[in-house]
Amino acid sequence: MSPARSNGGDRVAAVLQAHGVPVLFTLCGGHISPILVAAKARGIRVVDTRGEAAAVFAADAVARLTGIPGVAAVTAGPGLTNTVTALKNAQLAQSPLVLIGGAAPTALQGRGALQDIDQRPLVAPHVKQVRRVRRVADLAPALAEAFAVAREGVPGPVFVECPVDLLYDEASIRQWYAEAAGKGTALPDRLLRWYLERHARRLFAGASGGDAPRPREIAPPAASDAALRRAAAALAAAERPLLVIGSQALAQATNAARLAQAVAQLGLPLYLSGMARGLMGREHRLQMRHARREALREADCVLLAGVPCDFRLDYGRHVRRSATLIAANRSRRDARLNRRPAVAAIGDAGGFLEALAAELGEPAGRAAWIDKLRMRDNEREAEIDARAAQQGEHVNPVAFFRTLDRVAAQSAVFVADGGDFVATSSYILRPRGPLAWLDPGAFGTLGVGAGFALGAALVRPASEHWLLWGDGASGYGLAELDTVVRHRIPAIAIVGNDAGWTQIAREQVKLLHDDVGTVLARSAYHEVARGFGAEGIEVRRAAEVEPALQRARDLAAAGRTVLLNVWLDQTDFRDGAISM
Ligand SMILES: Cc1ncc(C[n+]2csc(CCOP(=O)(O)OP(=O)(O)O)c2C)c(N)n1
Ligand SMILES: [Mg+2]
């Protein structure tokens, strides 16, 4: 057995392998080197980013698209502190991931070692569980448990701290401790030697061999039969039922096709949000895209599947008081947030929809209700067309996304990271299928884009990947173009260049009459991309849009990473939309 195969780093890698982890995201550090080397040796792709946040965002995207927890490994101290925003984002998006953190050697913790801080209080509020491993024998069981905890119940991130002296082989660590203890003969020296020898013995106690623990089966939580029957009865009796499906319904990522079939069978008009966008394909007769607020106000029975009554539903006020509210959610808290539902179906929202379809059988018609919603939807589409026809000096974002929607491949995956530019995209772009749209989720985090696109492209190599960036948001991730190019990922980034943090500027200027802090330059982002070895294309005029998009697709098909820097016109398309 080679040294790499017998150390703690390999124990960690073996658990990742046993759980089918395709890729380990990282930014290196001395504390975690043995994990990276062992992961590579076991055939796990190691993708090294330029910032730890991007590594965790990428792991988050992998989790959302595969249902298997994504994994990132970061070094002790600042490596970990840099992940906090991405961890919180994953927690609020209920995305299961395993974050492995390095730590100072166990015997030196609390004694002023390099990058030695108390990591638990830093991450504990943002994860489901913190495990600080203290013995080599506990590495594999702790990690296997982390995978299970991340997925069970309400999914979310888990943190496992692996001190560096657990990751190297026993002989090296014993020698290292022996050298640290010195050769002095005075009593304190002899005492230190005795202490460190005993410490090393404890680290490796019971650590002889053993296969990696097998992945634990995690059954999705199922709502009670009583809740199912009551929900079915309420929906069957309703004249104007409405279904809203959110991210959590896609927690069982591999069930997406089955879920889509069940939802079609239910025959209820529906809205999709977050990770559920695209569930019913590009178009479906039951799916509405616009005027959700009006529809919710008119519906007499509303089923929220994996959707909490948070700010996105105006804290529940969008649903009329007299409507029968059914909340299907893994989280008891989310099911009751701000509004008490008539039926709380606590369990997996996707599974609940499938069970409901089986329970209800043939759908009732409700053609008039569906037609009414459809008509309003069509009216809004016509308004968007009128907006798209407006011409200015540069590019009209509404027209831009109409064009992108037309030319993007059937396999396209869209990643949204920005303010007004991506909010506009979400009105207009139609994800082609399930799990083909990624946005930050409830945390509204700018800066998710590069990591999300990286993760998505790695687990969906046959798809066309579009990273939609506001020019402001792009600043968080431009250096990751280096990662994307080095790892030969043919993603297409689009920077919506309006020389500003427009979503914020809009309101700030209106209410406070000053744009301070919200103005950017029309920077040459395409030249930045070229510096990292990507193809950079600048688009200043409307007529250049379609040829540029086609060229970007051709370049990506040939394996190149591309960035389009698109100069935008001011638009009032998003006037009135607020960001608080
Ligand atoms: C990490 C983070 N910082 C700040 C914000 C506040 N914020 C929301 S939208 C926005 C403007 C985004 O600008 P840009 O990406 O250029 O998109 P635009 O609105 O200009 O289209 C800002 C700063 C945020 N959501 N997340
Ligand atoms: Mg902008």
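Everything discussed here concerns the structure shown above.
Each value, and the rule that gives it
- Residues numbered from 1 in each chain as written.
- Chains lettered and ligands numbered in written order.
- Predicted model: local features only at pLDDT ≥ 70, side-chain atom pairs only at ≥ 80, totals over all residues.
- Heavy atoms only, no water.
- Axes fitted to C-alpha atoms, helices over the stretch in contact; angles between N-to-C directions.
- Helix = DSSP H or I, 4+ residues; strand = E, 2+ residues; numbered from the N terminus.
- Parallel < 35°, antiparallel > 145°, perpendicular 65-115°, else oblique.
- Left-handed = near helix turned anticlockwise from the far one by under 90°.
- Contact = heavy atoms within 4.5 Å.
- Nonpolar A, V, L, I, M, F, W, Y, C, P; charged D, E, K, R; others polar.
- Pairing = 2+ DSSP bridges.
- Polar contact = N/O pair within 3.5 Å; in protein donor to acceptor, adjacent residues only side chain to side chain.
- Near = heavy atom within 4 Å.
- Areas by Shrake-Rupley, 256 points an atom, 1.4 Å probe, with all protein chains shown as cover.
- Salt bridge = Lys/Arg side-chain N within 4 Å of Asp/Glu carboxyl O.
- Buried < 20%, exposed > 50% of the residue type's maximum accessible area, 1.4 Å probe, protein only.

*Asks:* Give me the lowdown on the packing of helix 12 (residues 256-266) against helix 15 (residues 349-360), citing residues and values where you can.
*Replies:* For any two helices packed against each other, one specifies the inter-axial angle together with the distance between the axes. The contact between helix 12 and helix 15 brings their axes to 9 Å, and the two run at 45°. The orientation of helix 12 with respect to helix 15, classified from their angle, is oblique. Of the two elements, helix 12 crosses helix 15, and the hand of that crossing is left-handed. The segment helix 12 lies against helix 15, with Arg-258, Leu-259, Ala-262, Val-263, Gln-265 and Leu-266 engaging Gly-350, Leu-353, Glu-354, Leu-356, Ala-357 and Leu-360. A class-by-class count of the residues in the contact of helix 12 with helix 15 yields eight nonpolar, two polar and two charged.

*Asks:* With reference to specific residues and values, describe the sheet that holds strand 9 (residues 301-305).
*Replies:* The sheet built from five strands is open, its strands ordered 8-7-9-10-11 with parallel pairing. Each end of this open sheet is capped by a strand with a single partner; those strands are strand 8 (270-272) and strand 11 (343-346). Neighbour-to-neighbour, the strand axes of this sheet turn through a mean angle of 10°, independent of strand direction. Two elements, strand 7 (residues 241-245) and strand 8, share three bridges in a ladder whose sense is parallel.

*Asks:* Tell me about the environment of Arg-530, and please be specific about residues and values.
*Replies:* Relative to the assigned elements, Arg-530 resides in helix 23 (residues 525-531). Residues Arg-530 and Asp-189, spaced 341 residues apart in sequence, show a C-alpha to C-alpha distance of 58 Å. Polar side-chain contacts of Arg-530 include one of 2.9 Å to the backbone oxygen of Gly-536.

*Asks:* So what about the site of ligand 1? Which residues, and what values?
*Replies:* Asp-420, Phe-421, Asp-471, Gly-472 and Gly-500 are the nearest of the 17 residues found near ligand 1. Between an oxygen atom of ligand 1 and a main-chain N or O atom of Gly-472, the distance comes to 2.7 Å. Thr-502 places a main-chain nitrogen or oxygen 2.9 Å from an oxygen atom of ligand 1. For ligand 1, whose unbound accessible area comes to 580 Å², protein coverage reaches 78%. For the shell around ligand 1, the secondary-structure elements that each account for two or more residues are helix 18 (420-428), helix 20 (471-474) and helix 22 (502-512).

*Asks:* Tell me about the pattern of salt bridges, residues and numbers included.
*Replies:* By the definition in use, this model includes 34 salt bridges. When the shortest N-O distance is used, the salt bridge between Asp-405 and Arg-282 registers 3.8 Å. With Asp-405 in helix 17 (residues 397-407) and Arg-282 in the loop between strand 8 and helix 13 (292-298), the pair connects residues that are 123 residues apart, well separated along the chain. Overall, Arg-282 belongs to the partly exposed group, its relative accessible area being 27%. A salt bridge links Glu-383 to Arg-380; its shortest N-O distance comes to 3.0 Å. Residue Glu-383 and its partner Arg-380 are both found in helix 16 (residues 367-389); the two are separated by three residues, about one turn of the helix. Looking at Glu-383, the relative accessible area reads 46%, which means it is partly exposed. According to the relative accessible area criterion, Arg-380 is partly exposed, its value standing at 23%. Here the salt bridges share partners, and the residues they tie into one network are Arg-282, Glu-283, Asp-405, Arg-430 and Arg-432.

Shape descriptors only; they carry no functional weight alone.
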